[in-house]
Amino acid sequence: MEKKEMTREEEIEYIAKEQQIMEDFFKDILNSPSYQEDTDSLLYHLSPKLESCSFEKKEVQFKYKIKPWQLNPQRGLHGGMSCAMLDTTMGMLAMYFANGSFVSTINLTVNYLRPIPDEAEVITRVKSVSWGRTIVSLEGDIYIPSTDTVACTSIATYIVLKGKPAQIPVTRED
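Below is a short write-up of the structure. Note that the structure is a prediction, hence the values are computed from the model and not measured. (Residues numbered from 1 in each chain as written. Predicted model: local features only at pLDDT ≥ 70, side-chain atom pairs only at ≥ 80, totals over all residues. Heavy atoms only, no water.)

**Considerations on the pairing of strand β4 (residues 121–131)**
Inference 1: Examined bridge by bridge, strand β2 (residues 59–65) and β4 share seven bridges and lie antiparallel to one another. Across the sheet, residue E59 finds its bridge partner in β4, namely K127.
Inference 2: Hairpin connection between β4 and strand β5 (residues 135–144): a loop of three residues separates the two successive antiparallel strands. (Pairing = 2+ DSSP bridges. Helix = DSSP H or I, 4+ residues; strand = E, 2+ residues; numbered from the N terminus.)

Next comes the structure, spelled out in structure tokens:
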């Protein structure tokens, strides 16, 4: 059976529908009681906010406010916190492409380029490089808008654990 080509109007409608699904997916995660009420979870303390997402570009951006508990002795963001912010953002995008299935990091590389100052607001910018049934590859960075600086770059690979639901209630229709 031959696959029918979409008209431009159908394509625009499809992208708009998928964009809304993507936005709702991230909002559902960030607003879920398991993250909003679990004061022991790292995500609760990192408090990411959805800055933007694009279904068409396969990317998401989260905003983080640097807090005193995240600082190293030189009063900059601790490298482990940078890594956690990137892993959180990348993991959520990987989970989106895994249709809400649980994903686990199998490789994460972070290149630290510039210090991130105390009390800065940063944006993690992540996009999907490729995704399949079991592996999702992403790249991203941490951007400091106030200084127009990229502080870190990163690449990561996640495995999709089919049959293991995400620990938060998210669903995505295909």
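Past the structure itself, the notes keep going.
**Considerations on helix α1 (residues 8–30)**
Inference 1: Over its 23 residues, α1 runs 33 Å from end to end, which matches the ideal 33 Å to within 8%, given 1.5 Å per residue.
Inference 2: Among the residues making up α1, those that are buried are I15, E18, Q19, M22, F25, F26, I29 and L30. (Expected span 1.5 Å × (residues − 1). Buried < 20%, exposed > 50% of the residue type's maximum accessible area, 1.4 Å probe, protein only.)

**Some thoughts on the side chain of T124**
Inference 1: Of note, T124 is situated in strand β4.
Inference 2: A distance of 2.7 Å separates polar atoms of two side chains, one belonging to T124 and the other to T89.
Inference 3: Beyond its immediate stretch of four places on either side in the chain, T124 contacts V60, Q61, F62, Y64, M85, L86, T89, D141 and I142. (Polar contact = N/O pair within 3.5 Å; in protein donor to acceptor, adjacent residues only side chain to side chain. Contact = heavy atoms within 4.5 Å.)

**So, the nonpolar core**
One recurring pattern in soluble globular proteins: nonpolar side chains tend to sit buried together.
Inference 1: Residues F26, I66, L93, Y96, I116, V122 and L138 are the most contacted members of the largest nonpolar core, which totals 42 residues.
Inference 2: Contributions of two or more residues to this core are made by α1, α3 (42–46), β2, α4 (79–97), β3 (101–112), β4, β5 and β6 (149–165).
Inference 3: The element that contributes the greatest number of residues to this core is α4, accounting for eleven residues.
Inference 4: With residues up to four places along the chain from it excluded, the contact list for F26 reads L50, C53, V60, F62, M92, L93 and Y96. (Core = buried A, V, L, I, M, F, W, Y, C linked by side-chain atoms within 4.5 Å.)

**Some words on the pairing of β2**
Inference 1: The pairing of strand β1 (residues 49–54) with β2 spans five bridges and is antiparallel. When the bridges of β2 are listed, S54 appears paired with E59.
Inference 2: Between β1 and β2, which pair antiparallel in sequence order, lie four residues; one of them, K58, sits at a positive phi of approximately 60°.

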